[in-house]
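In case you want the letters, here they are:
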Amino acid sequence: MEFSEHIKTANVEHVVLRQPFHPATKGTLCITGHHLLFSDRERDSSRQVLLLLRNIDAIEKSVENILSYSSLFSSAGQSERTSGSSGTITIKCKDLCILQLDIPGMEQCLNIAKSIEVLSSLDCVLDMYPFFYRPTDLSLQEQWGVSTPEKHYAQMGELDRWRLSDVNRDYSVCPSYPPAVIVPKAVGDDMLMKVAKFRQGGRFPVLCYYHRKNGMVIMRSSQPLTGANKKRCREDELLLQAVMDGSDKGYIIDTRSSQQAQQARITGGGFESKSNYSCWKRLHRQMERGKALQESLIKLVEACGDQSHNMDRWLSKLENSKWLSHVQTALSTAGLLAECVERDGHSVLVHGSEGTDSSLLISTLAQLIMDPCCRTLDGFLTLLEREWVQAGHPFQQRCAHSAYSHARLQQEAPVFLLLLDCVWQLWRQFPLALGFSENLLLRLVTEAYASNYGTFLCNNEQERCVVGAKEKTHCLFQALLRPRERDLYSNPLYEPTELAIWPSIHPQSLQLWRGFFLQWTQQACHLQEAQEEIKNMVNEWGSGPLKQRPGENTKPLLDSLPG
């Protein structure tokens, strides 16, 4: 694609930029195939602002004729007579930042706006910036990623009842699964192919977590295609029976309500009946997804932008958004899953409909709750790669737009943002138990919506294979583990604990993630400064992390700060 086709005006002088935490600045605006570049030409400054066009969620433009006297940027306070036309472009970003560009000349303004609209919403993956990004300290020759199914299987140790299957090596069995998956040893590849035809999208039950102490597992899949006629698949029943291996009971956590599961049969979906899966007990925990979750985010961001300073109105809007209710439900369901495995000693199968959203959300949170290996910086990034990237979360569809877009909702849903919000709640309740900082979570949100890296491109591993993402782009997770980045994203208070960390889900225990949703306010600026100061103090003390009793909810230092 020739990006120049969409750039009628490549640069404009005397543009005024208004952005959070900075005074209005006059300079030069340039537009390229992937970026907006603003260079400050005033006050002997070399300041530049580089904005990835993919980060733009919506723009609003207005044009007007001018005949007035302006002294904003005149020397010695003398007024200057200006005439002609100008335009203003308001840029609303996916990371919730809002910028304003005052552009002299109506035609130039409209040209810039048109270029932004087109170049910020490219459909062709190969035209996106990760395929052009070439940092000097990373090489495309390096192995892509921080984990593979083979490595995950090897790290589990000797598993008598489980094997690594390459039945999906050419993605023909399940397009959204990786080439290799972990399945019961008693189940052959021929049987897996039959089970795949009985599960939506071919997502047959696969192992995602093995509890080292009691040998129980977490499996995930999509819904069975029982349909209105209550079809059966003997191979599917045998696979789940093989998971039991003599255990008296297992649980199926269905992230739909019982009514939703029943209604799914009308369109060919369904659930595991008690008569055919007698050793499995089904638990329904309804979790919102899709349009409802996206609209919840939109309402929350609208509430956070309310300038009325009316506390009752703000609290009402916050409650009506239902975002914290979604956080509570996710943590509650993940806690139930962890309790089944950790405390009760039972294996669990998790699924909703497609198995690519809420199933991944609660399996990830449950592993964080139970497994200390997942709470280190390296372990958390490995967990995300395994449970989200390799497991087929459709990032390109879900993160096509954020909260500001005027486009008609299609398949957008902030499921990954919801996960990171839940992880932040854990981080806040257990400030010593997680080896990474809030900065990492904020970075991951931004990267999921617009990135220099290829990690979150496409919707599954098959699509990444087709476009050559692993050969032609760099991996975000590898970049985050470089020494300089590791220092930035590590938690200086981290003290490992082998015990499970059980989150409190009472309403008073859950808070709005101010670091993200209010990050462009002055309050967040002060909060960031306080965090940096605390980190510096801890590093200077050099006396090791503060002590926290394992499993105890400890109120973080930042909660005691004013404002």
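Here the structure is shown first, and the text comes after it.
Keep in mind it's a predicted model, so treat the numbers as computed, not measured. (Residues numbered from 1 in each chain as written. Predicted model: local features only at pLDDT ≥ 70, side-chain atom pairs only at ≥ 80, totals over all residues. Heavy atoms only, no water.)

**Q** Report on the overall build of the protein chain, specifying residues and quantitative values.
**A** Looking only at helices and strands, one finds 19 helices and 14 strands in the protein chain. Counting every position in the protein chain, which comprises 563 residues, the buried fraction comes to 55%. In the protein chain, the share of contacts with a sequence separation of at least 24, taken over all contacts with a separation of at least 6, comes to 72%. When the accessible area of the protein chain is evaluated, it comes to approximately 25300 Å², of which 49% is carbon and sulfur surface. (Helix = DSSP H or I, 4+ residues; strand = E, 2+ residues; numbered from the N terminus. Buried < 20%, exposed > 50% of the residue type's maximum accessible area, 1.4 Å probe, protein only. Contact = heavy atoms within 4.5 Å. Areas by Shrake-Rupley, 256 points an atom, 1.4 Å probe, with all protein chains shown as cover.)

**Q** Outline the layout of surface pockets, listing residues and values.
**A** Taken as a whole, the second largest pocket holds about 710 Å³ of empty space. Forming the walls of the second largest pocket are 24 residues, and the residues nearest its centre are C304, G305, D306, Q307 and T521. Counting only elements with at least two residues in the lining of the second largest pocket, the list comes to α6 (290-304) and α7 (311-321). If you tally residues by element for the lining of the second largest pocket, the top one is α6, at five residues. Residues that form the lining of the second largest pocket fall into these classes: 14 nonpolar, eight polar and two charged. (1 Å grid on protein atoms, 1.4 Å probe; cavity = no way out; pocket = protein on both sides within 12 Å on 5 of 7 lines; lining within 4 Å. Points joined across faces, edges and corners; volume = space filled by probe spheres on them. Nonpolar A, V, L, I, M, F, W, Y, C, P; charged D, E, K, R; others polar.)

**Q** Talk me through helix α1 (residues 106-119); I want residue IDs and the actual numbers.
**A** With 14 residues, α1 extends 20 Å from end C-alpha to end C-alpha; this agrees with the ideal 20 Å at 1.5 Å per step. If you check which residues of α1 are buried, you get C109, N111, I112, A113, S115, I116 and L119. (Expected span 1.5 Å × (residues − 1).)

**Q** Kindly report on the side chain of S359, identifying the contributing residues and their values.
**A** Locating S359 in the fold gives a position in helix α9 (residues 358-370). At 3.3 Å, the side chain of S359 and the backbone nitrogen of G352 are in polar contact. (Polar contact = N/O pair within 3.5 Å; in protein donor to acceptor, adjacent residues only side chain to side chain.)

**Q** Describe in detail empty space enclosed by the protein, supporting the description with residues and values.
**A** Empty space among the atoms becomes apparent when a probe as large as a water molecule is rolled across them. Per the stated rule, a full pass over the model turns up seven cavities of 30 Å³ or more. A volume near 270 Å³ is recorded for the largest cavity. In terms of lining residues, the largest cavity is bounded by 25 residues, among which R54, M128, Y449, A450 and L457 are the most central. Contributions of two or more residues to the lining of the largest cavity are made by α11 (395-398) and α13 (438-449).

**Q** Can you tell me about a nonpolar patch on the surface, naming the residues and giving the values?
**A** Taken together, the side chains of V63, M106 and L110 make up a nonpolar region of the molecular surface, amounting to roughly 220 Å² of accessible area. Along the polypeptide, L110 turns up in helix α1. (Patch = residues over 30% accessible without salt bridge, like charges linked within 9 Å, V, L, I, M, F, W, Y side chains within 5 Å. Salt bridge = Lys/Arg side-chain N within 4 Å of Asp/Glu carboxyl O.)

**Q** Help me get a handle on the packing of aromatic side chains, residues and values and all.
**A** Using the criterion set out here, one finds 15 aromatic pairs in the structure. Between W388 and F416, the aromatic rings sit 5.4 Å apart at their centres with planes inclined by 65°, giving edge-to-face as the arrangement. Residue W388 is found in helix α10 (residues 377-389), and its partner F416 is found in helix α12 (residues 415-429); the two are separated by 28 residues along the sequence. For the pair W388 and F416, one class covers both residues: buried. Aromatic rings pair up to connect W323, W424, W513, F516 and F517 into one cluster. (Phe/Tyr/Trp six-rings, centres within 6.5 Å; stacked < 30°, edge-to-face > 60°.)

**Q** Now, about the pairing of strand β14 (residues 348-351): what can you tell me, with residues and values included?
**A** Neither face of β14 is left uncovered, since the one carrying V348 and V350 and the one carrying L349 and H351 both have all their residues buried. Across three bridges, strand β11 (residues 217-220) lies against β14 in parallel orientation. Paired with R220 across the two strands is V350, which belongs to β14. Here four bridges tie strand β12 (residues 250-254) to β14, and the two strands are oriented parallel to one another. Considered in β14, the bridge of I253 is made with V350. (Pairing = 2+ DSSP bridges.)

**Q** So what about the sheet that holds strand β13 (residues 280-284)? Which residues, and what values?
**A** Strand pairing in a sheet is mediated by backbone hydrogen bonds. Such pairs are either parallel or antiparallel. Strand order across the open sheet formed by five strands is β10-β11-β14-β12-β13, with mixed pairing between neighbours. Two strands close off the open sheet at either side, each with one partner strand: β10 (206-210) and β13. Each neighbouring strand pair of the sheet contributes to a mean axis angle of 25°, computed without reference to strand direction. This element, helix α4 (residues 234-244), spans β11, β12, β13 and β14 of the sheet and lies at about 100° to β13. (Axes fitted to C-alpha atoms, helices over the stretch in contact; angles between N-to-C directions.)

**Q** Quick rundown of the pairing of strand β1 (residues 11-18)? Include the residues and the values.
**A** Examined bridge by bridge, β1 and strand β2 (residues 25-31) share five bridges and lie antiparallel to one another. Across the sheet, V15 pairs through a bridge with G27, a residue of β2. Taken together, β1 and the strand that follows it, β2, pair antiparallel across an intervening segment of six residues, in which F21 is found at a positive phi of about 75°. Sheet analysis places β1 next to strand β7 (residues 98-104), joined by three bridges and oriented antiparallel. Looking at β7, one finds that R18 is bridged to Q100.

**Q** Break down the nonpolar core for me, with residues and values.
**A** Residues L365, F380, F416, L444, F477, W513 and F517 are the most contacted members of the largest nonpolar core, which totals 96 residues. Examining the composition of this core, we find that eleven residues originate from one element, α12, more than from any other. What L365 contacts, discounting residues up to four positions off in sequence, is A330, L331, A334, L419, C422, V423 and L426. (Core = buried A, V, L, I, M, F, W, Y, C linked by side-chain atoms within 4.5 Å.)

**Q** Can you explain the packing of α10 against α13? Please cite residues and give values.
**A** The contact between α10 and α13 brings their axes to 12 Å, and the two run at 25°. As judged from the angle between their axes, α10 and α13 are roughly parallel. Relative to α13, the crossing made by α10 is right-handed. Between α10, through L377, F380, L381 and L384, and α13, the contact on the second element is made entirely by L440, L441 and L444. A breakdown of the residues in the contact of α10 with α13 according to their chemical character gives seven nonpolar, no polar and no charged. (Parallel < 35°, antiparallel > 145°, perpendicular 65-115°, else oblique. Left-handed = near helix turned anticlockwise from the far one by under 90°.)

**Q** Break down the environment of A450 for me, citing the residues and quoting the values.
**A** Counting through the fold element by element, A450 comes out in the loop between α13 and α14 (461-467). Each C-alpha atom of the pair A450 and L53 lies 8.3 Å from the other, and the pair is 397 residues apart in sequence. If near-sequence neighbours (up to four positions away) are discounted, A450 is found in contact with L52, R54 and N55.

**Q** I'd like to hear about the packing of α10 against α12, residue by residue, with values.
**A** Two elements in contact, α10 and α12, have axes separated by 14 Å at closest approach and are oriented at 150°. Relative to α12, the element α10 is oriented roughly antiparallel. Classified by chirality, the crossing of α12 by α10 is right-handed. Counted together, F380, L384 and W388 of α10 and V415, F416, L419, L420 and V423 of α12 form the full contact between these two elements. Residue composition of the contact of α10 with α12, by class: eight nonpolar, no polar and no charged.

**Q** So what about the environment of Q19? Which residues, and what values?
**A** Tracing the chain through its elements places Q19 in the loop between β1 and β2. Using a relative accessible area of 16% as the deciding quantity, one classes Q19 as buried. Measuring from C-alpha to C-alpha, the distance between Q19 and I91 comes to 9.9 Å, with 72 residues separating the pair along the chain. When near neighbours in sequence (up to four residues on either side) are disregarded, Q19 contacts R47, V49, I98 and L99.

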